[in-house]
Amino acid sequence: MDLFSQDLMYEFHARDLTQTEALKQYADHAVKEIKSTYGWDTDVQINIEPEAKDKHLFSVSMSVFGLNEPVIVKKDGKQVLSVLRKVRKAVMRQIHRLSEKRVSHRRKFLLKEQIAS
């Protein structure tokens, strides 16, 4: 199933899943949080698919593009919603790390300019 949300502008792919309403709601929440944190021009893709070997294991991946570096997180597990929560937390951690590096680099540059003048 492919879904492209018009309000939040992200891609949601859930293959071989019948009940995806709760997943869509949580994905909307996660995308809204990511876009409000780092900017509305970021592109987010969420892919949920069963593992080929065992139908009880699911692979969930979230990709965020439009930052300084692309953020891609992929995790596996039995409960799709709990794995989606883990992926969201990991993506948010990486986004915060990227923004902290950017701010600290900017501060160092400003301090060097002040000392030089």
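Residues numbered from 1 in each chain as written. Predicted model: local features only at pLDDT ≥ 70, side-chain atom pairs only at ≥ 80, totals over all residues. Heavy atoms only, no water.

> Before we move on, can you summarise the overall build of the chain with the specific residues and values?
For the chain, the count of helices and strands is 2 helices and 5 strands. Seen in sequence order, the chain has helices and strands lined up from the N terminus as β-β-α-β-β-β-α. Counting across all 117 residues of the chain, residues that qualify as buried make up 38%. Across the chain, contacts joining residues at least 24 apart in sequence account for 40% of those joining residues at least 6 apart. Working note: accessible area of the chain is about 8,000 Å², and carbon and sulfur atoms make up 50% of it. (Helix = DSSP H or I, 4+ residues; strand = E, 2+ residues; numbered from the N terminus. Buried < 20%, exposed > 50% of the residue type's maximum accessible area, 1.4 Å probe, protein only. Contact = heavy atoms within 4.5 Å. Areas by Shrake-Rupley, 256 points an atom, 1.4 Å probe, with all protein chains shown as cover.)

> Which residues make up the nonpolar core, and what are the values?
Ranked by internal contacts, the top residues of the largest apolar core, which has 30 residues, are Ile46, Ile48, Met62 and Val91. Counting only elements with at least two residues in this core, the list comes to strand S2 (10–14), helix H1 (21–38), strand S3 (43–50), strand S4 (58–65), strand S5 (71–77) and helix H2 (80–116). Here the element with the most residues in this core is H2; it accounts for 9 residues. Residue contacts for isoleucine 48: discarding those within four places in its chain leaves Phe12, His13, Ala14, Arg15, Leu17, Leu23, Ser59, Val60 and Val80. (Core = buried A, V, L, I, M, F, W, Y, C linked by side-chain atoms within 4.5 Å.)

> I'd love a proper account of the side chain of serine 59, names of residues and values included.
Residue position: serine 59 is located in strand S4. Only 3.3 Å separates the side chain of serine 59 from the side chain of aspartate 76, close enough to count as a polar contact. With near-sequence residues (within four places) excluded, serine 59 lies in contact with Asn47, Ile48, Glu49, Glu51, Lys74, Lys75 and Asp76. (Polar contact = N/O pair within 3.5 Å; in protein donor to acceptor, adjacent residues only side chain to side chain.)

> How would you explain the environment of alanine 22 if you had to name every residue and give the values?
The topology assignment puts alanine 22 in helix H1. When the C-alpha atoms of alanine 22 and leucine 81 are compared, they prove to be 8.0 Å apart, with 59 residues separating the residues in sequence.

> Explain a positive patch on the surface to me, and be specific about the residues and the numbers.
On the surface, Lys75, Arg85, Lys86, Lys89, Arg93 and Arg97 cluster together into a patch of positive charge. Among the elements that line the positive patch, the one with the most residues is H2, at 5 residues. For arginine 85, the position within the fold is in helix H2. (Patch = residues over 30% accessible without salt bridge, like charges linked within 9 Å, V, L, I, M, F, W, Y side chains within 5 Å. Salt bridge = Lys/Arg side-chain N within 4 Å of Asp/Glu carboxyl O. Lys, Arg positive; Asp, Glu negative; His and termini not counted. Charge placed at Lys NZ, Arg CZ, Asp CG, Glu CD.)

> So what about the pairing of S2? Which residues, and what values?
The side-chain alternation of S2 yields one buried face, formed by Tyr10, Phe12 and Ala14, and one unburied face, formed by Glu11 and His13. For the crossover that starts at S2, traverses H1 and ends in the parallel S3, the hand is left-handed. (Right-handed = clockwise from strand over helix to strand, strands pointing away.)

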